Amino acid sequence: MPPRISALRSPPIGFAHRGARAQERENTLAAFTRALDMGASGLESDAWLTADGHVVLDHDGVVRLGRWRRKQPISGCRRDELPDHMPALADLYRQCGTDFELSLDLKDPDAAAAVIDSADEAAARAARPLRPRLWLCHPDLDTLAGFREQWPDVRLCNSTRLSRMREGPERRAALLAEAGIDSVNLHQTDWTGGLVTLFHRFGILCFGWDAQQPRVLDELLDMGIDGVYSDHVERMGAAVAGWYPDGR
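Computed from a predicted structure; not experimentally measured.

Peer 1: It is not clear to me how the overall build of the protein should be interpreted in this structure. Could you clarify?
Peer 2: Counting its secondary structure elements, the protein contains eight helices and eleven strands. Taking 248 residues into account, the globule formula puts the C-alpha radius of gyration at 18 Å, and the protein, at 18 Å, falls close to it. By principal-axis analysis of the C-alpha atoms, the protein measures approximately 55 × 40 × 35 Å. When the 248 residues of the protein are sorted by exposure, 52% land in the buried category. Across the protein, the fraction of contacts at a sequence separation of at least 24, relative to all contacts at a separation of at least 6, is 59%. Carbon and sulfur atoms make up 47% of the accessible area of the protein, which amounts to about 11400 Å² in all. For the protein, the distance from the average position of its 30 positive side-chain charges to the average position of its 37 negative side-chain charges is 4 Å.

See the structure below:
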């Protein structure tokens, strides 16, 4: 049975949240590789910029260093000071290739230019464009609009919550469309079929995060969601295949 509401992106993207974190240590090359081996069509992580200009993938943006194991921000550390398990974006592309969508939450907006550079370097090695498969996520519209002016061919995503849309979802959808933002990412509990239809009317793709249980995944896909973020890659893949058995 087809979804109740048609997705704009068919089949939807299945983003492995911090890699296959249900099976491996999150935000490691092992987790990202495992997720792709399990059939994820996308990977998700958070991007931070080191003091010497490397983009690294980590959730919290802090590390414990030194004899006393004090917390240090990644922005104040060199790449060679960080733990071995913490990969750079360049490491991810070298290890995992380029045949996947990549969603990066820019906790540090200053990392954006270095993210683009890493993607472009990987694209040159692979002889294929990667910017159209790179999703830069941020909650602030002005920040995203600035990214759009600099990089017209990268994908942009407004990661937020419904309660934070002070102007209301319809006005937010209009603002996103005016600024050329590609998608909006909300917690799975925020989404309804009507809200998906509203954003689709403005040409905005709809992503849902924290989609962990089969019931939640099915509900999101039935209402026409265009991408889901899950810790459980196997469940996510089974749900997408169930609603899109022909891969389209």
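Now that the structure has been shown, the text picks up again.
Peer 1: Can you walk me through unusual backbone geometry in this structure?
Peer 2: Glycine aside, a negative phi is what most residues show, and trans is what most peptide bonds show. Following Ser10, the chain continues into Pro11 via a peptide bond in cis, with omega recorded as 0°. Locating Pro11 in the fold gives a position in the segment before strand S1 (13-17). Despite not being glycine, Arg18 shows a phi value in the positive range, around 60°. Considering the arrangement of structural elements, one finds Arg18 in the loop between S1 and helix H1 (29-37). Taking relative accessible area as the criterion, Arg18 reaches 10% and is therefore assigned buried.

Peer 1: Help me understand the pattern of salt bridges, please; the structure alone is not making it clear to me.
Peer 2: Pairing is possible between side chains of opposite charge, provided their charged atoms come close. By the definition in use, this model includes 23 salt bridges. A salt bridge links Glu26 to Arg21, with the nearest nitrogen and oxygen atoms 2.5 Å apart. With a shortest N-O distance of 3.4 Å, Lys107 and Asp46 are connected by a salt bridge. Of this pair, Lys107 sits in the loop between strand S6 (101-105) and helix H3 (112-126) while Asp46 sits in strand S2 (residues 42-49); the two residues are 61 residues apart in sequence, bridging distant segments of the chain. Using a relative accessible area of 36% as the deciding quantity, one classes Lys107 as partly exposed. The structure contains a network of salt bridges with shared partners spanning Arg9, Asp99, Glu101, Arg128 and Arg133.

Peer 1: Would you mind going over the pairing of S2 with me for this structure?
Peer 2: On a regular strand, one side chain projects to one face of the sheet and the next to the other, so that they alternate. Within S2, eight of the eight residues are buried, which leaves the element mostly enclosed by the surrounding structure. Burial of S2 is two-sided: the residues Gly42, Glu44, Asp46 and Trp48 facing one way and the residues Leu43, Ser45, Ala47 and Leu49 facing the other way are all buried. Summarising the sheet, S1 and S2 pair through three bridges and their orientation is parallel. Note that in S2 the partner of Ala16 across the bridge is Leu43. A crossover connection joins S1 to the parallel S2 through H1; in handedness this β-α-β unit is right-handed. With five bridges connecting them, S2 and S6 associate as parallel partners. Bridging across to S6, Ser45 finds its partner in Leu104. Pairing geometry for S2 and strand S3 (residues 55-57), over three bridges, is antiparallel. What sits directly across from Leu49, in S3, is Val55. What sits between the antiparallel neighbours S2 and S3 is a turn of five residues, in which Gly53 has the positive phi angle 90°.

What counts and how
- Numbering of residues starts from 1 in every chain and runs along the sequence as written.
- Local features in a predicted model are, by the rule used here, given only for residues with pLDDT of at least 70; side-chain atom pairs are given and counted only at 80 or more, and totals for whole chains, interfaces and linings are based on all residues.
- Excluded from the side-chain calculations are hydrogens and water; all other atoms, namely the structure's heavy atoms, are used.
- Per the convention used, a helix needs a DSSP run of H or I reaching at least four residues, while a strand needs a run of E reaching at least two, with both numbered from the N terminus.
- Throughout, radius of gyration means the C-alpha value; the globule benchmark is 2.2 Å times the number of residues raised to the power 0.38.
- Burial status follows relative accessibility: with a 1.4 Å probe on protein chains alone, a residue under 20% of its type maximum counts as buried, one over 50% as exposed, and anything between as partly exposed.
- Throughout, a contact is declared for two residues whenever any of their heavy atoms are within 4.5 Å.
- Accessibility throughout is a Shrake-Rupley quantity obtained with a 1.4 Å probe, and a residue counts as covered only by protein chains that appear here.
- All tallies of charge rest on Lys and Arg as positive and Asp and Glu as negative; His and the ends of each chain are not included.
- Taken as the charge centre is NZ of Lys, CZ of Arg, CG of Asp or CD of Glu, depending on the residue.
- Criterion for a salt bridge: a side-chain nitrogen of Lys or Arg within 4 Å of a carboxyl oxygen of Asp or Glu.
- Strand pairing requires that DSSP identify at least two bridges connecting the strands.
- Throughout, right-handed denotes a crossover for which the path from the first strand over the helix to the second runs clockwise when the strands point away from the viewer.

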